[in-house]
Structures are given as C-alpha cells and as structure tokens.
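# Close look at the chain arrangement
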Amino acid sequence: MAKLTEYKDMKPRARTVVDGIAAARGVDPSAINNVWKALARHPAVMEQFAAEMKAAFAPGKLDPLTKELIYLAVSVTNQCDYCIASHGAMARRKGMTEEMHEEFMAVVLAAQKGNKIATAYRVPVDAAFEEQ
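Let me begin by describing the structure that accompanies this report. (Residues numbered from 1 in each chain as written. Predicted model: local features only at pLDDT ≥ 70, side-chain atom pairs only at ≥ 80, totals over all residues. Heavy atoms only, no water.)

Considered as a void within the structure, the largest pocket measures approximately 810 Å³ in volume. Lining the largest pocket are 29 residues; nearest its centre among them are Ile21, Arg25, Trp36, Met53 and Met90. Breaking the lining of the largest pocket down by element, the ones donating at least two residues are helix H1 (12–25), helix H2 (34–39), helix H3 (43–56), helix H4 (64–78) and helix H5 (81–93). Residue contributions to the lining of the largest pocket peak at 7 residues, all from H5. (1 Å grid on protein atoms, 1.4 Å probe; cavity = no way out; pocket = protein on both sides within 12 Å on 5 of 7 lines; lining within 4 Å. Points joined across faces, edges and corners; volume = space filled by probe spheres on them. Helix = DSSP H or I, 4+ residues; strand = E, 2+ residues; numbered from the N terminus.)

Aromatic ring pairs are defined here through the distance separating the ring centres and the angle between the ring planes. Under the counting rule described, the total for this entry stands at 2 aromatic pairs. Arranged with centres 5.9 Å apart and planes meeting at 40°, the rings of Phe57 and Tyr71 form a pair that is tilted. Taken as a pair, Phe57 in the loop between H3 and H4 and Tyr71 in helix H4 lie far apart in primary sequence, 14 residues in all. Here Arg15 stacks its cationic end above the ring of Tyr7, 4.4 Å away from the centre of that ring. (Phe/Tyr/Trp six-rings, centres within 6.5 Å; stacked < 30°, edge-to-face > 60°. Lys NZ or Arg CZ within 6 Å of the ring centre and 35° of its normal.)

We now examine the packing of H4 against H5. It is the contact of H4 with H5, at a shortest axis distance of 9 Å, that shows an interaxial angle of 160°. Between H4 and H5, the angle is such that the two are roughly antiparallel. The two elements H4 and H5 meet at a crossing, and its hand is left-handed. Packed against H4, whose contacting residues are Leu65, Glu68, Leu69, Tyr71, Leu72, Ser75 and Val76, the element H5 presents Cys83, Ile84, His87, Gly88, Met90 and Ala91 at the interface. Residue composition of the contact of H4 with H5, grouped by class: 9 nonpolar, 3 polar and 1 charged. (Axes fitted to C-alpha atoms, helices over the stretch in contact; angles between N-to-C directions. Parallel < 35°, antiparallel > 145°, perpendicular 65-115°, else oblique. Left-handed = near helix turned anticlockwise from the far one by under 90°. Contact = heavy atoms within 4.5 Å. Nonpolar A, V, L, I, M, F, W, Y, C, P; charged D, E, K, R; others polar.)

So, about the environment of Asp28. Mapped onto the elements of the fold, Asp28 is located in the loop between H1 and H2. The exposure class of Asp28 is partly exposed, given its relative accessible area of 46%. Within the structure, Asp28 has its side chain in polar contact with the backbone nitrogen of Ser30 (distance 2.7 Å). (Buried < 20%, exposed > 50% of the residue type's maximum accessible area, 1.4 Å probe, protein only. Polar contact = N/O pair within 3.5 Å; in protein donor to acceptor, adjacent residues only side chain to side chain.)

Quick look at a nonpolar patch on the surface now. Nonpolar side chains collect at one region of the surface, where Leu62, Ile70 and Val74 lie side by side and expose about 250 Å² of accessible area between them. By the element assignment, Ile70 lies in helix H4. Under the relative-accessibility criterion, Ile70 is labelled partly exposed at 44%. (Patch = residues over 30% accessible without salt bridge, like charges linked within 9 Å, V, L, I, M, F, W, Y side chains within 5 Å. Areas by Shrake-Rupley, 256 points an atom, 1.4 Å probe, with all protein chains shown as cover. Salt bridge = Lys/Arg side-chain N within 4 Å of Asp/Glu carboxyl O.)

In this section: the pattern of salt bridges. Summed over all chains, the structure comprises 4 salt bridges. Notably, a salt bridge pairs Glu6 with Lys37, separated by 3.1 Å at the nearest N-O pair. Separated by 31 residues along the polypeptide, Glu6 in the segment before H1 and Lys37 in helix H2 bring together distant segments of the chain. Glu6 gets classed as partly exposed once you look at its relative accessible area, which sits at 34%. Here Lys94 makes a salt bridge to Glu68, at a shortest N to O gap of 2.9 Å. Taken together, the positions of Lys94 in the loop between H5 and helix H6 (98–120) and Glu68 in helix H4 put the pair 26 residues apart, joining distant regions of the chain. Using a relative accessible area of 33% as the deciding quantity, one classes Lys94 as partly exposed.

Here His87 is to be found in helix H5. Using a relative accessible area of 8% as the deciding quantity, one classes His87 as buried. Those residues in contact with His87 that sit more than four places away from it in its chain are Met53, Phe57, Glu68, Tyr71 and Leu72.

All we've got here are geometric facts, nothing functional implied.
This is the structure we're talking about:
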C-alpha cells in the first residue's frame, strides 16, 4: 500500500503540483485526492502525470463527459478500483445519469467480450478496416 503524504507534509515541488490541481478544481489543497498524496513522494512522476492529465482533459473536440467516460471505460477494463471510483464520480458530476451508466457498462462489457473473441480466435483484420 502506498504511503500517503498529507498536503501539510509535502515538499515544495509536490505542493506546487497540488496547488495547481486544487486551483483548477476550486478545492482546498488539503482535500486533494489520494492518488496525488501517494505520488507526492515521487515529484518527477507526479509532475509528469499531472501534465498528462491536464493535457488529456483540456478543452478539445471531445466534451468533458465523453473524456470521463473513456477514462472510466479504460479503468473498468484495467480493473483499477481507485480510478473506477474516482472517474465514476467525476462522470456523475459532469452529467452521467444511472441510465447512461447502464448503457455505458453494456458497451464496455460487450467490447471486452468482443476483444477476447477476436484475440482467442486470432481473427485477421479485414482489409476494409486498414488505414489507407
């Protein structure tokens, strides 16, 4: 189990990352998520992950809920309990309803099964699906 570092005990480099995240979210830095508390002992990894998350969730062609649903789908597939809880909560805050969650899970589970079928049967990719 990772050792969590509370905000008050973080070194300046980790605090800088947390301050940026907290400001963007409009939350108190001491209430930052546990993943950041775990990464605080490894500031280089923390800074890189924070930059990647900021870039991935920056405004773009995909709306914020779609981005959360993609992250949630990958988390379900990778069986990450922390990320399922975290990004499930974020998706709900961004508008995911229970009905949407049910439909979302049906798609994720169908995709997992389809992936396993294609892998198990070693199905070759159709020429029509190849990039031109």
